[in-house]
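Given next are the chains, with one letter for each unit.
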Amino acid sequence: NVVAPETLPAGFAFEARLGDHVFMATVPEGGVAKGEVFASVINDIDEGADKASVRVRTLLDMGGSKNRWRDELLDCFTEGFFHPLICNSIFCPQIALTQ
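Residues numbered from 1 in each chain as written. Predicted model: local features only at pLDDT ≥ 70, side-chain atom pairs only at ≥ 80, totals over all residues. Heavy atoms only, no water.

Trainee: Please explain the overall build of the protein chain as it appears in this structure.
Mentor: The secondary structure content of the protein chain amounts to two helices and five strands. Along the protein chain, from the amino end to the carboxyl end, the secondary structure elements read β-β-β-β-β-α-α. A buried classification covers 15% of the 99 residues belonging to the protein chain. Partitioning the contacts of the protein chain with sequence separation of at least 6, the portion at a separation of at least 24 is 34%. Looking at the protein chain as shown, the accessible area adds up to about 8300 Å², and 58% of this sits on carbon and sulfur atoms. (Helix = DSSP H or I, 4+ residues; strand = E, 2+ residues; numbered from the N terminus. Buried < 20%, exposed > 50% of the residue type's maximum accessible area, 1.4 Å probe, protein only. Contact = heavy atoms within 4.5 Å. Areas by Shrake-Rupley, 256 points an atom, 1.4 Å probe, with all protein chains shown as cover.)

Structure, rendered in structure tokens:
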């Protein structure tokens, strides 16, 4: 079973994930509404593709700590107070958000 990410028409195919396996889910006849659960056949994501264009997708656990933040509160200043990202965040936050 797959949960529809958006309202989609019949026959629309999108990437879905079951554990570490990524596959193509196809919307059944009649389409689906956002959040609706529907049954889909698990189609290989590279089915019908030639070997030169096959995508390799590896899901990797980076091994980061789950109990604390990676950086401390003021680590954003390790590159100096006039680092472009710091200046953009202070004087032009809209530009920093687009980064």
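From this point, things continue past the structure.
Trainee: Looking at this model, I keep getting lost on a nonpolar patch on the surface. Mind explaining?
Mentor: A cluster of nonpolar side chains, namely Leu73, Leu74, Phe77, Phe81 and Phe82, defines an oily patch on the protein surface of about 660 Å² accessible area. Considering the arrangement of structural elements, one finds leucine 74 in the loop between strand E5 (43-44) and helix H1 (84-91). (Patch = residues over 30% accessible without salt bridge, like charges linked within 9 Å, V, L, I, M, F, W, Y side chains within 5 Å. Salt bridge = Lys/Arg side-chain N within 4 Å of Asp/Glu carboxyl O.)

Trainee: Please clarify how the sheet that holds strand E3 (residues 21-26) should be interpreted in this entry.
Mentor: Within a sheet, each strand pairs with its neighbour through backbone hydrogen bonds, oriented either parallel or antiparallel. The strand order across the open sheet built from three strands is E2-E3-E5, with neighbouring strands paired in antiparallel fashion. Looking along the sheet, the strands with just one partner apiece sit at the ends: strand E2 (13-18) and E5. Here six bridges tie E2 to E3, and the two strands are oriented antiparallel to one another. The residue of E3 that forms the bridge with alanine 13 is threonine 26. (Pairing = 2+ DSSP bridges.)

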